[in-house]
Amino acid sequence: MPERKIIHIDMDAFYASIEQRDRPELRGLPVAVGYAGPRGVVATASYEARRYGVHSAISSVRALRLCPQLVFIPSRMEVYKAVSQQIRAIFYDYTELVEPLSLDEAFLDVTHLPSATLAAREIKARILAETGLTASAGVSVNKMLAKIASDYRKPDGLFVIEPRMVDGFVAGLPVERFFGIGEVTARKMHRLGIRTGAELRERSEEELVRHFGKAGHAYYGYARGIDPRAVEPNRIRKSLGAENTFAEDTDDRERLLAELGAVREEVWRRVSKYGFRGRTVVLKLKYDDFRQITRSHTLPGPVETPEQLERVAGELLGGVDFGGRKVRLVGLAVANAPETAPVYVQLRFDFGEGPEERPVGER
Ligand SMILES: [Mg+2]
(Lines give C-alpha, C1' and ligand atoms only; values in the text may rest on other atoms or scores of the structure.)
Protein backbone atom coordinates (compact mmCIF):
# COMPACT_ATOMS: atom_id res chain seq x y z
CA MET A 1 0.00 0.00 0.00
CA PRO A 2 1.38 3.44 -0.87
CA GLU A 3 2.24 5.63 2.13
CA ARG A 4 -0.46 8.23 2.66
CA LYS A 5 -0.58 11.45 4.65
CA ILE A 6 -4.08 12.04 5.94
CA ILE A 7 -5.43 14.93 7.99
CA HIS A 8 -8.77 14.80 9.77
CA ILE A 9 -10.16 18.20 10.74
CA ASP A 10 -12.98 18.41 13.25
CA MET A 11 -14.42 21.74 14.38
CA ASP A 12 -14.83 22.07 18.15
CA ALA A 13 -18.47 22.16 19.33
CA PHE A 14 -19.25 23.66 15.93
CA TYR A 15 -22.81 25.05 16.19
CA ALA A 16 -22.42 26.09 19.81
CA SER A 17 -19.08 27.79 19.13
CA ILE A 18 -20.63 29.79 16.27
CA GLU A 19 -23.42 30.96 18.60
CA GLN A 20 -20.89 31.94 21.27
CA ARG A 21 -18.83 33.75 18.64
CA ASP A 22 -21.80 35.73 17.37
CA ARG A 23 -23.37 36.41 20.79
CA PRO A 24 -20.66 37.37 23.28
CA GLU A 25 -23.18 37.22 26.16
CA LEU A 26 -23.23 33.42 25.67
CA ARG A 27 -19.47 32.99 26.15
CA GLY A 28 -18.57 31.02 29.25
CA LEU A 29 -22.13 29.74 29.63
CA PRO A 30 -23.40 26.19 29.17
CA VAL A 31 -25.09 26.45 25.76
CA ALA A 32 -27.03 23.85 23.79
CA VAL A 33 -28.06 24.38 20.20
CA GLY A 34 -31.38 22.68 19.63
CA TYR A 35 -35.04 22.75 20.52
CA ALA A 36 -35.82 22.91 24.24
CA GLY A 37 -39.32 21.40 24.00
CA PRO A 38 -40.41 18.00 25.30
CA ARG A 39 -39.43 16.18 22.09
CA GLY A 40 -36.30 18.22 21.40
CA VAL A 41 -32.74 16.97 21.25
CA VAL A 42 -29.39 18.66 21.69
CA ALA A 43 -27.64 19.20 18.32
CA THR A 44 -24.40 20.54 19.83
CA ALA A 45 -23.38 21.39 23.38
CA SER A 46 -20.73 23.95 24.31
CA TYR A 47 -17.74 22.75 26.30
CA GLU A 48 -19.21 24.43 29.39
CA ALA A 49 -22.33 22.28 28.99
CA ARG A 50 -20.33 19.12 28.36
CA ARG A 51 -18.91 19.40 31.87
CA TYR A 52 -22.42 18.61 33.10
CA GLY A 53 -22.67 15.57 30.85
CA VAL A 54 -24.70 17.35 28.19
CA HIS A 55 -23.83 15.91 24.78
CA SER A 56 -25.23 16.01 21.28
CA ALA A 57 -28.11 13.63 20.57
CA ILE A 58 -29.40 13.47 24.17
CA SER A 59 -32.96 14.66 24.79
CA SER A 60 -33.43 18.27 25.80
CA VAL A 61 -35.42 17.15 28.86
CA ARG A 62 -32.52 15.07 30.05
CA ALA A 63 -30.05 17.85 29.26
CA LEU A 64 -31.99 20.29 31.44
CA ARG A 65 -32.10 17.77 34.25
CA LEU A 66 -28.29 17.45 34.06
CA CYS A 67 -27.77 21.20 33.79
CA PRO A 68 -30.76 23.32 34.86
CA GLN A 69 -29.08 26.60 33.86
CA LEU A 70 -28.47 25.31 30.32
CA VAL A 71 -29.19 28.00 27.70
CA PHE A 72 -31.01 26.63 24.66
CA ILE A 73 -30.42 28.39 21.32
CA PRO A 74 -32.45 27.58 18.20
CA SER A 75 -30.22 26.42 15.37
CA ARG A 76 -29.30 28.70 12.45
CA MET A 77 -28.44 26.13 9.83
CA GLU A 78 -27.83 28.70 7.07
CA VAL A 79 -25.10 30.33 9.14
CA TYR A 80 -23.49 26.98 9.96
CA LYS A 81 -23.51 26.03 6.27
CA ALA A 82 -21.88 29.31 5.29
CA VAL A 83 -19.09 28.82 7.84
CA SER A 84 -18.67 25.26 6.58
CA GLN A 85 -18.14 26.62 3.05
CA GLN A 86 -15.49 29.01 4.37
CA ILE A 87 -13.63 26.15 6.01
CA ARG A 88 -13.81 23.96 2.90
CA ALA A 89 -12.37 26.77 0.78
CA ILE A 90 -9.34 26.69 3.09
CA PHE A 91 -9.01 22.90 2.66
CA TYR A 92 -9.03 23.23 -1.14
CA ASP A 93 -5.99 25.50 -0.93
CA TYR A 94 -4.04 22.46 0.27
CA THR A 95 -5.52 19.57 -1.70
CA GLU A 96 -8.17 18.55 -4.17
CA LEU A 97 -8.76 15.39 -2.15
CA VAL A 98 -11.25 16.59 0.47
CA GLU A 99 -13.93 14.26 1.82
CA PRO A 100 -16.42 16.06 4.06
CA LEU A 101 -18.13 13.80 6.63
CA SER A 102 -20.49 16.52 7.84
CA LEU A 103 -20.57 20.33 7.98
CA ASP A 104 -17.79 20.39 10.55
CA GLU A 105 -15.57 17.43 9.71
CA ALA A 106 -13.48 16.35 6.75
CA PHE A 107 -10.63 14.11 5.67
CA LEU A 108 -7.83 15.61 3.56
CA ASP A 109 -5.29 13.56 1.63
CA VAL A 110 -2.10 15.63 1.57
CA THR A 111 0.31 12.90 0.48
CA HIS A 112 1.73 15.32 -2.11
CA LEU A 113 2.83 17.86 0.54
CA PRO A 114 6.22 17.68 2.29
CA SER A 115 4.70 17.86 5.79
CA ALA A 116 1.15 16.96 6.76
CA THR A 117 1.77 18.23 10.29
CA LEU A 118 2.81 21.66 9.05
CA ALA A 119 -0.22 21.79 6.75
CA ALA A 120 -2.53 20.83 9.63
CA ARG A 121 -1.05 23.56 11.83
CA GLU A 122 -1.51 26.13 9.09
CA ILE A 123 -5.07 25.04 8.36
CA LYS A 124 -5.99 25.37 12.05
CA ALA A 125 -4.47 28.85 12.18
CA ARG A 126 -6.27 29.94 9.04
CA ILE A 127 -9.61 28.61 10.28
CA LEU A 128 -9.15 30.61 13.47
CA ALA A 129 -8.09 33.76 11.61
CA GLU A 130 -10.87 33.58 9.01
CA THR A 131 -13.78 32.30 11.12
CA GLY A 132 -12.82 33.01 14.73
CA LEU A 133 -13.38 29.32 15.55
CA THR A 134 -11.11 26.54 16.72
CA ALA A 135 -10.67 23.16 15.08
CA SER A 136 -8.90 20.01 16.14
CA ALA A 137 -6.66 18.20 13.70
CA GLY A 138 -5.44 14.64 13.56
CA VAL A 139 -2.60 13.54 11.32
CA SER A 140 -1.62 10.00 10.44
CA VAL A 141 -1.09 7.45 7.68
CA ASN A 142 -4.74 6.54 7.13
CA LYS A 143 -8.28 7.76 7.70
CA MET A 144 -9.02 5.69 10.78
CA LEU A 145 -5.88 6.80 12.62
CA ALA A 146 -6.27 10.46 11.58
CA LYS A 147 -9.79 10.43 12.99
CA ILE A 148 -8.64 8.93 16.27
CA ALA A 149 -5.88 11.55 16.42
CA SER A 150 -8.18 14.56 15.94
CA ASP A 151 -10.22 13.44 18.93
CA TYR A 152 -7.22 12.95 21.18
CA ARG A 153 -6.43 16.55 22.18
CA LYS A 154 -9.80 18.24 21.68
CA PRO A 155 -10.53 21.16 21.75
CA ASP A 156 -8.03 23.15 19.67
CA GLY A 157 -5.79 20.10 19.42
CA LEU A 158 -3.24 18.91 16.95
CA PHE A 159 -2.09 15.36 17.32
CA VAL A 160 0.03 13.14 15.11
CA ILE A 161 -0.10 9.36 15.33
CA GLU A 162 3.21 8.15 13.96
CA PRO A 163 3.55 4.57 12.73
CA ARG A 164 5.40 3.46 15.89
CA MET A 165 2.53 4.70 18.08
CA VAL A 166 -0.22 2.90 16.19
CA ASP A 167 -0.31 -0.33 18.20
CA GLY A 168 -0.73 1.41 21.53
CA PHE A 169 -3.50 3.68 20.32
CA VAL A 170 -5.51 1.00 18.66
CA ALA A 171 -5.18 -1.43 21.58
CA GLY A 172 -6.81 0.93 24.06
CA LEU A 173 -9.58 2.12 21.77
CA PRO A 174 -13.16 0.99 22.49
CA VAL A 175 -14.50 -0.75 19.38
CA GLU A 176 -17.38 1.74 19.01
CA ARG A 177 -14.81 4.48 18.47
CA PHE A 178 -13.27 2.86 15.39
CA PHE A 179 -14.10 4.76 12.21
CA GLY A 180 -15.95 2.08 10.24
CA ILE A 181 -17.44 0.10 13.12
CA GLY A 182 -21.04 1.21 13.53
CA GLU A 183 -23.30 1.01 16.56
CA VAL A 184 -24.94 -2.28 15.59
CA THR A 185 -21.61 -3.97 14.88
CA ALA A 186 -20.13 -2.60 18.12
CA ARG A 187 -23.03 -4.10 20.10
CA LYS A 188 -22.50 -7.42 18.40
CA MET A 189 -18.79 -7.26 19.25
CA HIS A 190 -19.66 -6.51 22.88
CA ARG A 191 -21.82 -9.65 22.97
CA LEU A 192 -18.82 -11.60 21.68
CA GLY A 193 -16.68 -10.15 24.48
CA ILE A 194 -14.80 -7.74 22.22
CA ARG A 195 -14.70 -4.26 23.76
CA THR A 196 -11.33 -2.83 22.76
CA GLY A 197 -8.85 -2.90 19.91
CA ALA A 198 -6.64 -5.25 21.92
CA GLU A 199 -9.51 -7.70 22.32
CA LEU A 200 -10.39 -7.38 18.64
CA ARG A 201 -6.81 -8.23 17.76
CA GLU A 202 -6.98 -11.51 19.67
CA ARG A 203 -9.58 -12.86 17.26
CA SER A 204 -8.50 -14.58 14.06
CA GLU A 205 -9.46 -13.18 10.69
CA GLU A 206 -11.41 -16.37 10.03
CA GLU A 207 -13.48 -15.91 13.19
CA LEU A 208 -14.22 -12.27 12.39
CA VAL A 209 -15.34 -13.18 8.87
CA ARG A 210 -17.55 -15.93 10.30
CA HIS A 211 -19.32 -13.40 12.56
CA PHE A 212 -19.30 -10.31 10.36
CA GLY A 213 -19.03 -11.55 6.78
CA LYS A 214 -16.71 -9.74 4.38
CA ALA A 215 -16.43 -6.77 6.76
CA GLY A 216 -14.51 -9.10 9.09
CA HIS A 217 -11.45 -8.69 6.85
CA ALA A 218 -11.58 -4.92 7.36
CA TYR A 219 -12.06 -5.23 11.16
CA TYR A 220 -9.05 -7.54 11.29
CA GLY A 221 -7.04 -4.77 9.63
CA TYR A 222 -8.46 -1.97 11.82
CA ALA A 223 -7.31 -3.85 14.93
CA ARG A 224 -3.78 -3.59 13.52
CA GLY A 225 -4.03 0.06 12.51
CA ILE A 226 -4.51 -0.86 8.85
CA ASP A 227 -7.11 1.04 6.86
CA PRO A 228 -6.90 0.97 3.07
CA ARG A 229 -9.86 3.32 2.50
CA ALA A 230 -9.00 6.25 0.25
CA VAL A 231 -10.18 9.81 0.83
CA GLU A 232 -13.14 10.11 -1.54
CA PRO A 233 -13.47 13.68 -2.75
CA ASN A 234 -17.05 14.81 -3.34
CA ARG A 235 -15.98 17.54 -5.70
CA ILE A 236 -14.26 16.70 -8.94
CA ARG A 237 -12.63 19.50 -10.89
CA LYS A 238 -13.78 19.49 -14.50
CA SER A 239 -11.96 22.50 -15.84
CA LEU A 240 -9.34 25.13 -15.12
CA GLY A 241 -9.58 28.50 -16.76
CA ALA A 242 -8.55 32.13 -16.48
CA GLU A 243 -9.78 35.29 -18.16
CA ASN A 244 -8.81 38.92 -18.35
CA THR A 245 -10.80 42.03 -19.16
CA PHE A 246 -8.72 44.71 -20.86
CA ALA A 247 -8.50 48.32 -19.79
CA GLU A 248 -9.17 49.22 -23.44
CA ASP A 249 -10.99 47.19 -26.10
CA THR A 250 -8.78 46.14 -28.99
CA ASP A 251 -8.80 44.44 -32.40
CA ASP A 252 -4.99 44.41 -32.64
CA ARG A 253 -4.11 40.73 -33.05
CA GLU A 254 -0.54 41.17 -31.80
CA ARG A 255 -1.79 42.76 -28.62
CA LEU A 256 -4.49 40.06 -28.23
CA LEU A 257 -1.92 37.32 -28.61
CA ALA A 258 0.13 38.92 -25.82
CA GLU A 259 -2.93 39.16 -23.55
CA LEU A 260 -3.79 35.56 -24.34
CA GLY A 261 -0.22 34.64 -23.38
CA ALA A 262 -0.65 36.06 -19.88
CA VAL A 263 -3.93 34.23 -19.41
CA ARG A 264 -2.40 31.05 -20.80
CA GLU A 265 0.49 31.22 -18.33
CA GLU A 266 -1.94 31.44 -15.44
CA VAL A 267 -3.94 28.49 -16.78
CA TRP A 268 -0.78 26.45 -17.11
CA ARG A 269 0.36 27.40 -13.60
CA ARG A 270 -2.91 26.04 -12.22
CA VAL A 271 -2.90 22.93 -14.43
CA SER A 272 0.57 22.09 -13.05
CA LYS A 273 -0.31 22.95 -9.44
CA TYR A 274 -3.34 20.65 -9.40
CA GLY A 275 -1.97 17.99 -11.73
CA PHE A 276 -5.10 18.55 -13.80
CA ARG A 277 -5.53 16.45 -16.94
CA GLY A 278 -7.87 17.85 -19.59
CA ARG A 279 -7.89 17.41 -23.34
CA THR A 280 -10.26 20.17 -24.44
CA VAL A 281 -8.87 23.70 -24.86
CA VAL A 282 -11.49 26.45 -24.85
CA LEU A 283 -10.96 30.03 -25.99
CA LYS A 284 -13.50 32.64 -24.92
CA LEU A 285 -13.78 36.14 -26.33
CA LYS A 286 -16.12 38.91 -25.30
CA TYR A 287 -16.65 41.77 -27.77
CA ASP A 288 -17.27 45.46 -27.18
CA ASP A 289 -21.01 44.81 -27.80
CA PHE A 290 -20.82 42.25 -24.91
CA ARG A 291 -21.55 39.33 -27.21
CA GLN A 292 -19.48 36.32 -26.24
CA ILE A 293 -18.11 33.49 -28.36
CA THR A 294 -16.16 30.34 -27.53
CA ARG A 295 -14.01 28.16 -29.76
CA SER A 296 -12.69 24.82 -28.61
CA HIS A 297 -10.40 22.09 -29.76
CA THR A 298 -10.26 18.60 -28.30
CA LEU A 299 -6.98 16.71 -28.41
CA PRO A 300 -6.67 12.91 -28.47
CA GLY A 301 -5.08 13.02 -24.97
CA PRO A 302 -4.60 15.49 -22.11
CA VAL A 303 -2.61 18.69 -22.61
CA GLU A 304 0.87 17.74 -21.45
CA THR A 305 3.09 20.79 -22.05
CA PRO A 306 2.83 24.59 -22.02
CA GLU A 307 3.97 24.60 -25.66
CA GLN A 308 1.05 22.39 -26.63
CA LEU A 309 -1.35 24.76 -24.88
CA GLU A 310 0.27 27.75 -26.58
CA ARG A 311 -0.05 26.18 -30.02
CA VAL A 312 -3.72 25.21 -29.65
CA ALA A 313 -4.68 28.55 -28.06
CA GLY A 314 -2.91 30.46 -30.83
CA GLU A 315 -4.66 28.42 -33.53
CA LEU A 316 -8.04 28.97 -31.92
CA LEU A 317 -7.49 32.73 -31.78
CA GLY A 318 -6.18 32.76 -35.36
CA GLY A 319 -9.37 31.10 -36.56
CA VAL A 320 -11.73 33.75 -35.15
CA ASP A 321 -13.22 36.46 -37.40
CA PHE A 322 -13.97 39.48 -35.19
CA GLY A 323 -16.46 40.82 -37.72
CA GLY A 324 -15.22 44.40 -37.28
CA ARG A 325 -15.74 44.37 -33.53
CA LYS A 326 -13.20 45.00 -30.80
CA VAL A 327 -12.41 42.49 -28.05
CA ARG A 328 -12.82 43.42 -24.37
CA LEU A 329 -12.10 40.09 -22.68
CA VAL A 330 -10.11 36.99 -23.45
CA GLY A 331 -10.43 33.71 -21.56
CA LEU A 332 -8.73 30.34 -21.87
CA ALA A 333 -9.57 27.05 -20.21
CA VAL A 334 -8.57 23.42 -20.21
CA ALA A 335 -11.54 21.09 -19.65
CA ASN A 336 -11.80 17.35 -19.16
CA ALA A 337 -14.35 16.88 -21.95
CA PRO A 338 -15.78 18.82 -24.93
CA GLU A 339 -19.19 19.20 -23.23
CA THR A 340 -17.79 20.72 -20.03
CA ALA A 341 -18.73 24.37 -19.47
CA PRO A 342 -15.46 25.76 -18.08
CA VAL A 343 -15.01 27.92 -15.01
CA TYR A 344 -12.69 30.93 -15.32
CA VAL A 345 -10.85 32.89 -12.65
CA GLN A 346 -10.41 36.59 -13.23
CA LEU A 347 -6.89 37.95 -13.59
CA ARG A 348 -6.25 41.41 -12.17
CA PHE A 349 -3.05 42.57 -13.81
CA ASP A 350 -4.13 46.20 -13.88
CA PHE A 351 -3.94 46.46 -10.10
CA GLY A 352 -0.65 44.69 -9.82
CA GLU A 353 -2.26 41.89 -7.84
CA GLY A 354 -2.12 38.18 -8.32
CA PRO A 355 -5.10 36.33 -9.73
CA GLU A 356 -7.87 35.38 -7.39
CA GLU A 357 -7.74 31.75 -6.41
CA ARG A 358 -11.48 31.45 -5.96
CA PRO A 359 -13.28 30.52 -9.17
CA VAL A 360 -15.84 33.05 -10.36
CA GLY A 361 -18.52 30.37 -10.48
CA GLU A 362 -17.66 27.06 -8.86
CA ARG A 363 -18.72 24.03 -10.78
MG1 LIG B 1 -16.96 18.52 15.59
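Residues numbered from 1 in each chain as written. Predicted model: local features only at pLDDT ≥ 70, side-chain atom pairs only at ≥ 80, totals over all residues. Heavy atoms only, no water.

(A) Local environment of the overall build of the protein. Check the secondary structure of the protein and you find 13 helices and 13 strands. The C-alpha atoms of the protein give a radius of gyration of 26 Å, which is well past the 21 Å a tight globule of 363 residues would have. For the C-alpha atoms alone, the extent of the protein along its principal axes is close to 80 × 55 × 35 Å. Residue burial in the protein is summarised as follows: out of 363 residues, 47% are buried. Looking at the protein alone, contacts between residues at least 24 apart form 62% of all its contacts between residues at least 6 apart. Total accessible area computed for the protein in this model is approximately 18100 Å², and 52% of it derives from carbon and sulfur atoms. Positive and negative side-chain charges of the protein, numbering 54 and 51 respectively, have mean locations separated by a distance of 7 Å. (Helix = DSSP H or I, 4+ residues; strand = E, 2+ residues; numbered from the N terminus. Rg over C-alpha atoms; globule rule 2.2 N^0.38 Å. Buried < 20%, exposed > 50% of the residue type's maximum accessible area, 1.4 Å probe, protein only. Contact = heavy atoms within 4.5 Å. Areas by Shrake-Rupley, 256 points an atom, 1.4 Å probe, with all protein chains shown as cover. Lys, Arg positive; Asp, Glu negative; His and termini not counted. Charge placed at Lys NZ, Arg CZ, Asp CG, Glu CD.)

(B) Just the confidence of the model for the protein, in detail. Confidence in the prediction of the protein, expressed as mean pLDDT, is 91, and 95% of residues score 70 or more. In the model, residues 349-363 has pLDDT below 50 throughout and makes 33 contacts with residues more than four positions away in sequence or in other chains. (pLDDT = per-residue confidence, 0-100.)

(C) Here's a closer look at the side chain of Thr 185. Relative to the elements of secondary structure, Thr 185 occurs in helix H8 (residues 183-191). By relative accessible area, Thr 185 is classed as buried at 17%. Excluding anything up to four places from it in sequence, Thr 185 contacts Phe 212 and Tyr 219.

(D) Spatial organisation of unusual backbone geometry. In this model, Lys 154 is joined to Pro 155 through a cis peptide bond whose omega is -10 degrees. Structurally, Pro 155 can be placed in the loop between helix H6 (143-152) and strand E8 (158-160). Unlike most non-glycine residues, Ala 57 shows phi in positive territory, near 80 degrees. Along the chain, Ala 57 turns up in the loop between helix H2 (47-50) and helix H3 (60-66). Accessibility expressed as a relative area gives 63% for Ala 57, which makes it exposed. Of note, the phi angle at Asp 156 is positive, near 60 degrees, even though the residue is not glycine. Turning to its location among the elements, Asp 156 is positioned in the loop between H6 and E8.

(E) Fine view of the nonpolar core. Membership of the largest hydrophobic core comes to 31 residues, with the highest contact counts inside it found for Val 267, Leu 283, Leu 285, Leu 309, Phe 322 and Leu 332. Sort the elements by how many residues they give to this core and helix H12 (residues 253-274) lands first, with 7 residues. (Core = buried A, V, L, I, M, F, W, Y, C linked by side-chain atoms within 4.5 Å.)

(F) Looking closely at the domain arrangement of the protein. Split into domains, the protein comes out as domain 1 (1-160), domain 2 (166-222) and domain 3 (239-351). A straight line from the C-alpha centre of domain 1 to that of domain 3 covers 41 Å. (Domains from an automatic or database assignment.)

(G) Structural context of a negative patch on the surface. On the surface, Glu 248, Asp 249, Asp 251, Asp 252, Glu 254 and Asp 288 cluster together into a patch of negative charge. Among the residues examined, Glu 248 registers a relative accessible area of 60% and is labelled exposed. (Patch = residues over 30% accessible without salt bridge, like charges linked within 9 Å, V, L, I, M, F, W, Y side chains within 5 Å. Salt bridge = Lys/Arg side-chain N within 4 Å of Asp/Glu carboxyl O.)

(H) Spotlight on the coordination of the magnesium ion. Around the magnesium ion, the protein supplies Asp 10 (OD), Met 11 (O) and Asp 104 (OD) as donor atoms, at distances of 2.1 to 2.4 Å. All donors to the magnesium ion come from one chain, and their sequence spacing reads D-M-x92-D. For Asp 10, a relative accessible area of 12% puts it in the buried group. (Donors = N, O, S within 2.8 Å, 3.2 Å for Na, K, Ca; no water.)

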